[in-house]
Amino acid sequence: MKVWLLFPALLLGAAGAQVARPLNTQDPRYPLVTRVTSGQVLAFYAAFPQGLTAELNTKAVAAQRQVVLPLARAGDPLAQYLVGQTFDLFEYGKGTPQDARIAMEWYRRAADQHFATAEQLLSQVYTYSLLGQPRNLNWAGNYLQRAYVHGSADIKADSLIEMARQSDPTRDAGDLRYPGFSASRKQTRQYLVNALKYRPDDTTALDWLRTLAAEDGEFRQAVAYAERSDNLMGWIEAGWWLQTGKSGLPADPTRALALFRRAMTVMRRGGDYESEMYTVHMGLFEMECQGALRRAQFADLVTPESERLYRQNRQGCLVPPGG
């Protein structure tokens, strides 16, 4: 079970200088340092194959273990985590029960030092009964909370999104809920809002909040979330809300055009977006028909064929759903 990590603070340093340097996975209140060099980090992860069909070279992995093992024994939290990964080879079909026990020992040592990445991983271990561990939702939830407290802004955001999933009242009955998390739509939204404080451009949080706000009739807020996201489907949906006006949200054709234009820019780069383009084109022609836009404002976004389809399907100025 690999959690691929990037440590910019490490990778920017001198590759051969084995000096203590801060781990950027940590909250400033819980600082940790490592003596694993940037070159060692790069060499370590290069020993693991990329892609589902790549073959693991166990000798290369064992060689990397020997590089970081002395540091791990000396208490270096990153080295301890990396040693754990050299025994955590089940996804490559190489793991054994003994390997799992050793991997867990090293992961726990790192987590005991409040290494947030190790705490994140152990939350997953006890949620999904990995590495031969029995499912323990109490421990899974505890490690999640610990990662949130000890981790960097990114880890805090990840943890809060998982907390939102735990409190989601629409969660499938088969998805077990950590103790201490009750079903609450309000709490789910608050966790997501808090996640954006740490990672303002997080698409998962923004799209989820857009959906929840729209379901609650808060279309002003829903559009604001869509505009911050990089999800073109969200842009198209919000564009239609602005085109037609929704509860508490006056029609705003100019803002709708801006969202449609963003979506078209992405779709023109390639991909199967025929139905999405049709939706955007119909919206643009409807706004022109209603006098809300001039053709000169969007002529570069439409084609003669899209106009033909609009004239063929429209009823008055509107195109019925599925038209």
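Counting from 1, residues in each chain are numbered in the order their sequence is written. Local features in this predicted model are restricted to residues of pLDDT 70 or higher, and side-chain atom pairs are both shown and tallied only at a pLDDT of 80 or more, whereas totals for entire chains, interfaces and linings draw on every residue. As a rule here, side-chain values cover all heavy atoms of the structure and leave hydrogens and water aside.

**Focus: the confidence of the model for the protein**
This prediction gives the protein a mean pLDDT of 92; 93% of its residues lie at or above 70. Across residues 6-15, confidence stays below pLDDT 50; counting only partners more than four residues off in sequence or on other chains, it has 28 contacts. Each residue carries a pLDDT score, the predictor's own confidence in it, on a scale running from 0 to 100. Should any heavy atoms of two residues lie within 4.5 Å, those residues are counted as being in contact.

**Comments concerning helix H14 (residues 274-289)**
Put simply, DSSP marks the helices as runs of H or I at least four residues long and the strands as runs of E at least two long, and each gets a number from the N terminus on. Multiplying one less than the number of residues by 1.5 Å gives the expected span of a helix. For H14, built from 16 residues, the straight-helix expectation of 22 Å at 1.5 Å per residue is met to within 8% by its first-to-last C-alpha distance of 22 Å. Here H14 has its buried residues at Glu276, Val280, His281, Met282, Gly283, Leu284, Phe285, Glu286 and Met287. Contact partners of the buried residues in H14: helix H12 (232-244), helix H13 (253-267) and helix H15 (304-313). Note on H14: the residue one or two positions beyond its end, glycine 291, has a positive phi of about 80 degrees. The buried label applies to any residue whose accessible area, calculated with a 1.4 Å probe on protein chains only, is under 20% of its type's maximum; exposed applies above 50%, and partly exposed to all values in between.

**What to know about the pattern of salt bridges**
Salt bridges are counted wherever a side-chain nitrogen of Lys or Arg sits within 4 Å of a carboxyl oxygen of Asp or Glu. Applying the stated criterion across every chain yields a total of 21 salt bridges. Put simply, aspartate 27 and arginine 29 hold a salt bridge, and the shortest N to O gap is 3.0 Å. Its relative accessible area of 57% is what places arginine 29 among the exposed residues. Its salt-bridge partner being glutamate 307, residue arginine 311 comes within 3.0 Å of it at the nearest N-O pair. Of this pair, arginine 311 and glutamate 307 both sit in helix H15, four residues apart, which is roughly one turn of that helix. Take glutamate 307: its relative accessible area is 19%, and that puts it in the buried class.

**Some thoughts on the packing of aromatic side chains**
Any pair of Phe, Tyr and Trp rings, taking the six-membered ring for Trp, is counted once the centres come within 6.5 Å. Such a pair is stacked with planes under 30 degrees apart, edge-to-face with planes over 60 apart, and tilted for the rest. Scanning all chains against the criterion turns up 13 aromatic pairs. On the basis of an interplanar angle of 5 degrees and a centroid distance of 6.1 Å, the ring pair of tyrosine 126 and tyrosine 143 is categorised as stacked. You can see tyrosine 126 sitting in helix H6 (residues 116-128) and its partner tyrosine 143 sitting in helix H7 (residues 137-150), a full 17 residues away along the chain. Aromatic pair phenylalanine 285 and phenylalanine 298: ring centres 6.0 Å apart, planes at 80 degrees, arrangement edge-to-face. Placement of phenylalanine 285 in helix H14 and of phenylalanine 298 in the loop between H14 and H15 is noted, with a sequence separation of 13 residues between them. Clustering of aromatic rings is evident, with ring pairs tying together Phe44, Tyr45, Phe48 and Tyr92. Geometrically, a lysine NZ or arginine CZ counts as sitting over a ring once it is within 6 Å of the ring centre and also within 35 degrees of the ring normal. Stacked on the ring of phenylalanine 87, the Lys or Arg arginine 65 has its end atom at 3.8 Å from the ring centre. When the ring centre of tryptophan 106 is taken as reference, the NZ or CZ atom of arginine 109 above it lies at 4.2 Å.

**Structural notes on the packing of H14 against H15**
A pair of packed helices is captured by two measures, namely the crossing angle of their axes and the spacing between those axes. Here H14 crosses H15 at 65 degrees, and the two axes come no closer than 10 Å. It follows from the interaxial angle that H14 and H15 lie roughly perpendicular. Between H14 and H15 the crossing geometry is right-handed. Across the interface between the two elements, Tyr278, His281, Met282, Phe285, Glu286 and Cys289 from H14 touch Ser306, Glu307, Leu309, Tyr310 and Asn313 from H15. Three classes are used, and their members are as follows: Ala, Val, Leu, Ile, Met, Phe, Trp, Tyr, Cys and Pro are nonpolar, Asp, Glu, Lys and Arg are charged, and the others, Gly among them, are polar. Residue classes in the contact of H14 with H15 are distributed as six nonpolar, three polar and two charged. Between N-to-C directions, angles cover 0 to 180 degrees, with each direction set by a line fitted to C-alpha atoms, over the stretch in contact for helices. Throughout, the term roughly parallel applies to angles under 35 degrees, roughly antiparallel to angles over 145, roughly perpendicular to angles from 65 to 115, and oblique to all others. Handedness of a helix crossing follows the sense of rotation of the near helix relative to the far helix, less than a right angle counterclockwise being left-handed and clockwise being right-handed.

**What about the environment of methionine 277?**
Looking at the element boundaries, methionine 277 is found in helix H14. Between the alpha carbons of methionine 277 and threonine 188 there is a distance of 33 Å; along the sequence they are 89 residues apart. For methionine 277, the residues in contact, after removing those within four places along its chain, are Met264, Met267 and Arg268.

**Some points on the environment of methionine 233**
You can see methionine 233 is positioned in helix H12. Residue methionine 233 is classed as partly exposed on the basis of its relative accessible area, which comes to 42%. Linking methionine 233 and glutamate 276, residues 43 residues apart in sequence, is a C-alpha distance of 8.0 Å.

**Concerning the packing of helix H11 (residues 219-228) against H12**
With their axes 9 Å apart at the nearest point, H11 and H12 run at an angle of 145 degrees to one another. Crossing of H11 over H12 shows left-handed handedness. On H12, the residues touching Phe219, Ala222, Val223 and Ala226 of H11 are Gly234, Trp235, Ala238, Trp241 and Leu242.

**A look at unusual backbone geometry**
The residue histidine 114 is not glycine, and still its phi comes out positive at about 70 degrees. The residue histidine 114 is located in the loop between helix H5 (97-112) and H6 in this model. Looking at histidine 114, the relative accessible area reads 32%, which means it is partly exposed. For leucine 131, which is not a glycine, the phi torsion comes out positive at approximately 50 degrees. Examined against the element boundaries, leucine 131 turns out to sit in the loop between H6 and H7.

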